[in-house]
Amino acid sequence: MGDIVHIEDHMPHDVFEAMCWACGKRWIAVMPTGTNLKDLECPGCNTQGYAFMTGLEIVKEDAEDD
């Protein structure tokens, strides 16, 4: 058998800093392109519908660990 290829690795996605209106938690969100912000669940308070983009630009080189 050949190598297993996870299709999620090849789907377009967005990376950005998100923040929760409910609890103030900030995190780096990675989600498939087209996902609505209202569908994100805050990792701090586990609520949906309160996430927003902070506007912080995430540069690919910043996210890589070489």
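Participant: Quick one: what's the story with the side chain of Glu17, residue by residue and with numbers?
Facilitator: Structurally, Glu17 is set in strand β1 (residues 13-20). There is a polar contact of 3.2 Å between the side chain of Glu17 and the side chain of Arg26. Polar side-chain contacts of Glu17 include one of 2.6 Å to the side chain of Thr54. Glu17 has contacts with Arg26, Trp27, Ile28, Phe52, Met53, Thr54, Leu56 and Ile58, leaving out every residue within four places of it along the chain.

Participant: Tell me about the sheet that holds strand β3 (residues 51-53), residues and numbers included.
Facilitator: The strands making up a sheet associate through hydrogen bonds between their backbones, and the pairing can be parallel or antiparallel. Strands sit in the order β2-β1-β3 across an open sheet of three strands; the sheet is antiparallel. Among the strands making up the open sheet, the edge pair consists of β2 (26-32) and β3. In this sheet, adjacent strand axes meet at a mean angle of 50° when their direction is disregarded. As paired strands, β1 and β3 are joined by three bridges and run antiparallel to one another. Of the residues in β3, the one forming a bridge with Ala18 is Met53.

Participant: Describe the pairing of β2, and please don't skip the residues or the numbers.
Facilitator: Pairing geometry for β1 and β2, over seven bridges, is antiparallel. Its bridge partner lying in β2, Phe16 is registered against Ala29. Linkage of β1 to β2, two consecutive antiparallel strands, is achieved through a turn of five residues, within which Gly24 is found at a positive phi near 85°.

Participant: Explain the pattern of salt bridges to me, and be specific about the residues and the numbers.
Facilitator: All told, the structure shown has one salt bridge when counted by the stated rule. Between Glu17 and Arg26 there is a salt bridge; the shortest N-O distance is 3.2 Å.

Participant: Tell me about the nonpolar core, and name the residues and values.
Facilitator: Within the largest apolar cluster, nine residues are counted, these being Phe16, Ala18, Cys20, Trp27, Ala29, Met31, Leu40, Cys42 and Ala51. Listing elements by their share of this core, those giving two or more residues are β1 and β2. Residues in contact with Cys42, not counting those within four places in the same chain, are Cys20, Cys23, Lys25, Trp27 and Thr47.

What counts, and at which threshold
- Residues numbered from 1 in each chain as written.
- Predicted model: local features only at pLDDT ≥ 70, side-chain atom pairs only at ≥ 80, totals over all residues.
- Heavy atoms only, no water.
- Helix = DSSP H or I, 4+ residues; strand = E, 2+ residues; numbered from the N terminus.
- Polar contact = N/O pair within 3.5 Å; in protein donor to acceptor, adjacent residues only side chain to side chain.
- Contact = heavy atoms within 4.5 Å.
- Pairing = 2+ DSSP bridges.
- Axes fitted to C-alpha atoms, helices over the stretch in contact; angles between N-to-C directions.
- Salt bridge = Lys/Arg side-chain N within 4 Å of Asp/Glu carboxyl O.
- Core = buried A, V, L, I, M, F, W, Y, C linked by side-chain atoms within 4.5 Å.
- Buried < 20%, exposed > 50% of the residue type's maximum accessible area, 1.4 Å probe, protein only.

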